[in-house]
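What follows is each chain in one-letter form.
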Amino acid sequence: MLFNLLKSKPTLKELIPNGFVDIHSHILPSIDDGAKTLEESILLLKELKKIGFSKIYGTPHTYPGLYENTTKSIKNSFDKLKSVINDSLIIDYASEYLLNNKLIESANEKKLLTISDNFLLVEFNFINMPLDFHEIIFNLQTNDISIILAHPERYTFLHDDFNKYYTLKKLGVYFQLNLLSVVGYYGPKILKVSDKLLKNNMIDFVGSDVHNLNHIKNFSRKIKINEKEQFLNAIENNLNYFK
């Protein structure tokens, strides 16, 4: 079966194993640009379960000036959804934090929401990296936090300077590829960079980054990447690290 999948161009949902653990989603209701209502959250979970998802972390944005989330607001949204979930699908919560120096104080005070105890999901804005990213990463790591950068393939300002990806890896940053990147959902440039990151063994984990039902519908598209084996390895890492 695995050999056949490697030789062919299967759909994305065919590559999702039963028991898949998703570490990046926006399924919590009424808290960011993801699910708008409790009913939408329930529908998203129902459809993701059909594909093979068994555990999903809701990771709403914490982005100063745009999504001013707190531990309390995120937990309240999670509790609202958790109270109406009555099946075998497991949900948990963390956050997708904008990488900035405010995280250092939060880490020192043990106020950050992490995945599986010590993995922190972070994002850049889509214009540039913070100038003091070395310092921020170092200070977070001194608090025993492992940093996962969400969708590195989507930061177009990194595309023309691939060495910056290597710099981040040398700093010990894990990379999480968006599942929809491999079907070309975000465009051909991001597809190409996804393949290059996979080819260079730089992708550690994957995430759905699901915001809405349209995202899930695109799991029926065929994958377009060449580096299928590396992609499957990253999917396997999700199960090994976060089950």
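What you are looking at is a predicted structure, and each value in this text was computed from that prediction instead of being measured.

A. Spotlight on the overall build of the chain. If you tally the helices and strands in the chain, you get nine helices and nine strands. With the principal axes as the frame, the chain shows a C-alpha extent of 50 × 45 × 30 Å. The proportion of buried residues among the 243 residues of the chain is 54%. Considering only intrachain contacts with a sequence separation of at least 6, the fraction spanning at least 24 residues in the chain is 80%. Of the roughly 11300 Å² of accessible surface on the chain, 50% is carried by carbon and sulfur atoms.

B. Spatial organisation of the sheet that holds strand β5 (residues 96–98). The sheet built from six strands is open, its strands ordered β3-β5-β6-β7-β8-β9 with parallel pairing. Looking at which strands have only one partner, the edges of the open sheet turn out to be β3 (61–62) and β9 (205–207). Note: strand β6 (residues 119–123) against strand β7 (residues 146–150), four bridges, orientation parallel. Note on β7: the bridge partner recorded for Val 122 is Leu 149. Against the sheet, helix α9 (residues 228–242) engages β6, β7, β8 (174–178) and β9, with an angle of about 90° to β9.

C. Here's a closer look at the packing of aromatic side chains. Under the defined criterion, the tally for this structure stands at 19 aromatic pairs. Judged by centre distance (5.8 Å) and plane angle (70°), the ring pair of Phe 162 and Tyr 166 falls under edge-to-face. Ring geometry for Phe 205 and Phe 242: centres 5.0 Å apart, planes at 65°, overall edge-to-face. Of this pair, Phe 205 sits in strand β9 while Phe 242 sits in helix α9; the two residues are 37 residues apart in sequence, bridging distant segments of the chain. For Phe 205, a relative accessible area of 0% corresponds to the buried category. A relative accessible area of 1% places Phe 242 in the buried class.

D. Layout of the pairing of strand β4 (residues 90–93). Burial along β4 is one-sided: Ile 91 and Tyr 93 are buried, while Ile 90 and Asp 92, pointing the other way, are not. As defined by bridge partners, strand β2 (residues 53–58) adjoins β4 across four bridges and the pair is classed as parallel. Residue Gly 58 lies in a different strand from β4, and its bridge partner there is Tyr 93.

E. Representation of the nonpolar core. In terms of nonpolar packing, the biggest core is built from 81 residues, with Leu 140 and Phe 231 touching the most fellow members. With six residues, α9 is the largest single contributor of residues to this core. Those residues within four positions of Phe 231 in sequence are excluded, and the remaining contacts are Leu 12, Leu 15, Leu 177, Leu 179, Val 182, Leu 198, Val 206 and Ile 225.

Thresholds, definitions, all that
- Here the residue numbers are simple positions, counted from 1 along each chain's written sequence.
- Thresholds applied to this predicted model are a pLDDT of at least 70 for local features of residues and 80 or more for the giving and counting of side-chain atom pairs; totals over whole chains, interfaces and linings are not thresholded and use all residues.
- Computation of side-chain values: all heavy atoms of the structure, hydrogens and water removed.
- Helix numbers and strand numbers start at the N terminus; a helix is a DSSP run of H or I with at least 4 residues, a strand a run of E with at least 2.
- Buried residues are those whose accessible area, probed at 1.4 Å on protein chains only, stays under 20% of the maximum for their type, while exposed residues exceed 50% and partly exposed ones sit between those limits.
- Between two residues, a contact is recorded if the distance between any of their heavy atoms is within 4.5 Å.
- Accessible surface area values rest on a Shrake-Rupley calculation with a 1.4 Å probe, where residue burial reflects the displayed protein chains alone.
- By the convention used here, strands pair only if DSSP detects at least 2 bridges between them.
- Lines are fitted to the C-alpha atoms to define the axes, a helix being fitted only along its stretch in contact, and any angle between axes, read from their N-to-C directions, falls within 0 to 180 degrees.
- Between 30 and 60 degrees the pair is tilted, below 30 it is stacked and above 60 it is edge-to-face, where a pair is any two Phe, Tyr or Trp rings, Trp via its six-membered ring, whose centres lie within 6.5 Å.
- We define the nonpolar core as a collection of buried residues of types Ala, Val, Leu, Ile, Met, Phe, Trp, Tyr and Cys that are connected through side-chain atoms lying within 4.5 Å of one another.

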